[in-house]
Amino acid sequence: MPVDCTDYRDIFLSDRPMMDARAPVEFLKGAFPGVVNLPLMNDLERQRIGTCYKQQGQQAAIELGHQLVSGAIKAERIQAWADFARAHPDGLLYCFRGGLRSQIVQQWLKDEAGIDYPRVGGGYKALRTFLLETMDEAVSQCDFVLLGGMTGTGKTDVLTQLDNGLDLEGHANHRGSSFGKRVTGQPSNIDFENCLAVDVLKKRARGIEQFVLEDESRAIGSCALPLPLYQGMQQFPMVWLEDSLHGRVERILRDYVVDLCAEFIGAHGEEGFALFSERLLASLNNVRKRLGGERHQRMLILMEDALAEQARSGAVDLHRAWIEGLLVEYYDPMYVFQREKKGARIEFAGEREAVLAYLRERGGRRG
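Here the structure is a predicted model, which is why all the values come from computation and not from measurement.

A. Examining the environment of glutamine 107 more closely. Relative to the elements of secondary structure, glutamine 107 occurs in helix H6 (residues 100–113). Between the C-alpha atoms of glutamine 107 and methionine 1, which are 106 residues apart in sequence, the distance is 8.2 Å.

Right under this line is the structure:
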């Protein structure tokens, strides 16, 4: 049999194709970018074998496993593994700890398909531990700067233009506010952490030792930032991005109305606009308590009028009224308070081009 691969750094830097032999329920809790789930056992089979193991021991569980995964089921799974192995001759397979399940997959591939396919030594657990350590090391060893600014200043647009930008909201598939849900769902928290760590690993391998990331709360939708990173963010220096109220309204109109509506229609066809409208109204209701009854009612009427006009004519102009109202009356006072609170950490403030130039020069100076 091939030697187990334990060069976890190379696995992620080289984007080695990987086959995950764990059960689907384990895979859904967390995996790695681009990995394919081709389980030895499905969820029900795994549950039955686990019960048998607890009641009768390992040997009885192994025998039951061979009974459950036999005949046509076994042939079908071996075929799927063989197809993957032939399509990805440089790939690897793993189970949870690099133990019995991956050994069985490896043995069956060899015996039934004539394929010698290597495993990840230590399995999923070792890969996950490596990525957690990667993130911890980056926080302790690298230089970080936060990008702050009022809602709608285009912080993500700036981050994506920087070689050393870490797009936390991109990894979380969420725009980071009460209105931030995307059409497609968010990754599991483990998937989010893994993707972020791989991003950091690859950037450090290119020689980047300073990172720019948006000033976020601990939670981005349902995803939580790794605790060491979030704790560090309470002290990191800041750069503050500025823009006019008009520019911010137009950007929010683009992101949260025009683009989001197009995403819904692209995903759901004729039902898309109705689902988009429901999402927008639900997002406003999410901040109802914090807005207060009177303000919420005013914004709700403006939003309903804008949605009705958009449905009738396709025009989005009326949306500017509720967007500007939310910015001026709700979001901006919170951000003014935050800026005052974090003022001592702000080392530069300016509009988009000035901030981009400053961050690029800063990265070159300290990289």
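Having seen the structure, we can now continue with the description.
B. Representation of the pairing of strand E9 (residues 238–241) within the structure. Every second residue of E9 is oriented toward a common face, with Met238 and Trp240 on one face and Val239 and Leu241 on the other, all of them buried. Relative to E9, strand E4 (residues 143–149) is paired through four bridges, and the arrangement is parallel. Across the sheet, leucine 147 pairs through a bridge with valine 239, a residue of E9. Pairing of E9 with strand E10 (residues 346–350) involves four bridges; the strand directions are parallel. Following the sheet pairing, tryptophan 240 is matched in E10 by alanine 349.

C. Broad picture of the nonpolar core. Formed by 43 residues in total, the largest nonpolar core has its most connected members in Phe12, Met18, Phe32, Tyr94, Leu127, Phe144 and Leu229. At eight residues, the largest contribution of residues to this core is made by helix H7 (residues 123–141). In contact with methionine 18, other than residues within four places in its own chain, are Ile11, Phe12, Phe32, Val35, Val36, Phe84, Leu92, Tyr94, Val120 and Leu127. Phe179, Val249, Cys261 and Val287 belong to the second-largest nonpolar core, a separate cluster that totals 27 residues.

D. Broad picture of the pattern of salt bridges. The final tally for this structure, using the stated rule, is 29 salt bridges. Residue glutamate 45 pairs with arginine 77 through a salt bridge whose shortest N-O separation is 2.8 Å. In this pair, glutamate 45 is assigned in helix H3 (residues 43–56) and arginine 77 in helix H5 (residues 71–87), connecting sequence segments 32 residues apart. Residue glutamate 45 is classed as buried on the basis of its relative accessible area of 8%. Given the relative accessible area of 17%, arginine 77 is considered buried. Across the salt bridge formed by arginine 339 and glutamate 242, the nearest N and O atoms sit 3.2 Å from each other.

E. Seen up close, H7. Helix length check: H7, at 19 residues, gives a terminal C-alpha distance of 27 Å against a target of 27 Å (1.5 Å per residue), a fit within 8%. Along H7, the residues classified as buried are Gly123, Tyr124, Ala126, Leu127, Arg128, Phe130, Leu131, Thr134, Met135, Ala138 and Val139. In this fold, the buried residues of H7 make contact with helix H1 (8–13), strand E1 (18–20), strand E3 (92–94), E4, helix H10 (189–205) and helix H11 (227–233).

F. Representation of the sheet that holds strand E6 (residues 210–214) within the structure. Read across the open sheet, the five strands follow the order E5-E6-E4-E9-E10; overall the sheet is parallel. Each edge of the open sheet is held by one strand with a lone partner, namely strand E5 (165–166) and E10.

G. Quick look at unusual backbone geometry. Positive phi values are uncommon outside glycine, yet aspartate 15 reaches one of about 50°. Of note, aspartate 15 is situated in the loop between H1 and E1. For asparagine 173, which is not a glycine, the phi torsion comes out positive at approximately 50°.

H. Examining the sheet that holds E3 more closely. Read from one edge to the other, the open sheet built from three strands follows the order E2-E1-E3, with strand pairing classed as parallel. The open sheet has two edge strands, strand E2 (36–37) and E3, and neither has a second partner. As defined by bridge partners, E1 adjoins E2 across two bridges and the pair is classed as parallel. Bridged to aspartate 20 within E2 is asparagine 37.

Rules used throughout
The residue numbering used here restarts from 1 in each chain and proceeds along that chain's sequence as written. Per-residue local features of the predicted model are confined to residues with pLDDT of at least 70, and side-chain atom pairs are confined, for both listing and counting, to 80 or more; whole-chain, interface and lining totals are unaffected and use all residues. Computation of side-chain values covers all heavy atoms of the structure but excludes hydrogens and water. Strands here mean DSSP runs of E at least two residues long; helices mean DSSP runs of H or I at least four residues long; both are numbered from the N terminus. Residue burial is assigned from relative accessible area. The probe radius is 1.4 Å, only protein chains are included, and a residue is buried under 20% of its type maximum, exposed over 50%, and partly exposed in between. Pairing between strands is defined by DSSP: at least two bridges between the two strands are required. Residue types Ala, Val, Leu, Ile, Met, Phe, Trp, Tyr and Cys, when buried and joined through side-chain atoms within 4.5 Å, form a set referred to as a nonpolar core. When checking whether two residues touch, look at their non-hydrogen atoms; a contact exists if any pair is within 4.5 Å. Salt bridges are counted wherever a side-chain nitrogen of Lys or Arg sits within 4 Å of a carboxyl oxygen of Asp or Glu. By this rule the span expected of a helix is its residue count minus one, scaled by 1.5 Å.

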